[in-house]
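# Reading the structure
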Amino acid sequence: MTATSSVSADPLTADAPVADLVHALTAAGQTVATAESLTAGLLSATIAGVPGASAVLRGGLVVYATDLKHSLAGVSDEVLETEGPVAASTAEQLAVGARTKCGADWGVALTGVAGPDSQDGHAVGTVFLGLAGPGHTEVMRLKLVGDRWTIRISATHTAVRELLRCVRRPAGQDAQGE
């Protein structure tokens, strides 16, 4: 590639409002950090694909191995032992851990089963998305379909959309819109 040739768009940012997310975070003066298991860094890489992301992306924790969910992100041993690595409480603690460990306004976590086999009784496509931010914490259970790549990229794009929704949420409004 020569200096005068154009650079193609980042394929990770296609089909997701990630530029809108970076703009919204920048406008709000907020930052984000991730704790990723099944996506293994795709969410952070997707956000980083937008010019200007360095103003809002603090970093991320790739916690693919269960023990790293505890040692790096601070998920309690009790939660991991009783509920496992694919659970709502795990996603919540991962999101809080990302936010805390990386010093960000928002923490986003993704944990789940991309396949090809089920894990600990969870079907392929079961994903938990955790969001932790200023006065706001929520977890969503997603049921995604497709092959490993499709599930992982769908989880990433859903996380982008849901974080954007949270960042745009008026101050003082909870997850139910009250």
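Not measured: the values here are computed from a predicted model. Sequence order as written defines residue numbering, which begins from 1 separately in each chain. Side-chain atom pairs in this predicted model are given and counted only at pLDDT of 80 or more, local residue features only at pLDDT of at least 70, and totals for whole chains, interfaces and linings cover all residues. The basis for the side-chain values is all heavy atoms of the structure; hydrogens and waters are excluded.

### Some words on the overall build of the protein
Counted only if it meets this: Helix and strand assignments come from DSSP, with helices taken as H or I runs of at least 4 residues and strands as E runs of at least 2, each series counted from the N terminus. Based on C-alpha atoms, the radius of gyration is set beside the globule rule, defined as 2.2 Å times the residue count to the power 0.38. Note on exposure labels: buried denotes an accessible area under 20% of the residue type's maximum, exposed denotes more than 50%, and partly exposed covers the range between, all computed with a 1.4 Å probe on protein chains only. Only heavy atoms matter for contacts: two residues are in contact if any of them lie within 4.5 Å across the pair. Surface accessibility in these figures is a Shrake-Rupley result with a 1.4 Å probe; residues are shielded only by whichever protein chains are displayed. Neither His nor the chain ends is counted toward charge; the positive residues are Lys and Arg and the negative residues Asp and Glu. Where a charge lies is defined by one atom per residue type: Lys uses NZ, Arg uses CZ, Asp uses CG and Glu uses CD.
Looking only at helices and strands, the protein has six helices and five strands in total. When its helices and strands are written in sequence order, the protein yields α-β-α-β-α-α-α-β-β-β-α. Taken against the 2.2 N^0.38 rule, which gives 16 Å for 178 residues, the C-alpha radius of gyration of the protein at 16 Å falls within 12% of a compact globule. Taken over the C-alpha atoms alone, the protein extends approximately 55 × 40 × 30 Å along its principal axes. Of all 178 residues assigned to the protein, the portion counted as buried reaches 49%. Within the protein, residue pairs in contact and separated by at least 24 positions form 64% of the contacts whose partners lie at least 6 positions apart. Split by element, the accessible area of the protein, about 8400 Å² in all, is 52% carbon and sulfur. For the protein, the distance from the average site of its 12 positive side-chain charges to the average site of its 18 negative ones is 4 Å.

### Describing the sheet that holds strand E4 (residues 126–133)
Note the following rule: By definition, two strands form a pair when at least two bridges between them are found by DSSP. Inter-axis angles, ranging from 0 to 180 degrees, are taken between N-to-C directions of lines fitted to C-alpha atoms, where helices are fitted over the stretch in contact.
The mixed open sheet is built from five strands, whose spatial order is E2-E1-E3-E4-E5. Whereas interior strands pair on both sides, the edge strands pair on one side only; in this sheet they are strand E2 (57–62) and strand E5 (136–143). On average, each strand axis in the sheet is inclined to that of its neighbour by 15°, with strand direction left out of account. Set on the sheet, helix H6 (residues 148–168) makes contact with strand E1 (32–36), strand E3 (106–112), E4 and E5; between it and E4 the angle comes to about 25°.

### Quick look at the nonpolar core
To keep it simple, the criterion reads: Definition of nonpolar core: a set of buried residues of the types Ala, Val, Leu, Ile, Met, Phe, Trp, Tyr and Cys, connected through side-chain atoms within 4.5 Å.
Core analysis: the biggest nonpolar cluster contains 31 residues, and Leu-21, Ile-47, Val-108, Leu-110, Val-127, Leu-129 and Leu-163 have the highest contact counts within it. Broken down by element, this core gets its largest block of residues, eight residues, from H6. Those residues within four positions of Leu-163 in sequence are excluded, and the remaining contacts are Leu-21, Val-32, Trp-106, Val-108 and Leu-131.

### A look at the pairing of E4
With eight of eight residues buried, E4 lies mostly within the body of the structure. Judged by which residues are buried, E4 turns out to be covered on both faces: Thr-126, Phe-128, Gly-130 and Ala-132 on one side and Val-127, Leu-129, Leu-131 and Gly-133 on the other are all buried. Two strands pair when backbone bridges link them, and E4 and E5 are joined in this way by eight bridges, in the antiparallel orientation. Bridging from a neighbouring strand, Leu-131 pairs with Glu-138 of E5. Taken together, E4 and the strand that follows it, E5, pair antiparallel across an intervening segment of two residues, in which Gly-135 is found at a positive phi of about 65°.

### Considering the pattern of salt bridges
Cut-off, in case you're wondering: By definition here, a salt bridge exists when the distance from a side-chain nitrogen of Lys or Arg to a carboxyl oxygen of Asp or Glu is within 4 Å.
Counting across every chain of the model gives two salt bridges. Between Arg-165 and Glu-138 there is a salt bridge; the shortest N-O distance is 2.8 Å. Residue Arg-165 is located in helix H6, and its partner Glu-138 is located in strand E5; the two are separated by 27 residues in the primary sequence. The partner of Glu-162 in a salt bridge is Arg-165, and the shortest N-O contact between them spans 2.6 Å. Of this pair, Glu-162 and Arg-165 both sit in helix H6, three residues apart, which is roughly one turn of that helix. Salt bridges linked by common partners bring Glu-138, Glu-162 and Arg-165 together as one network.

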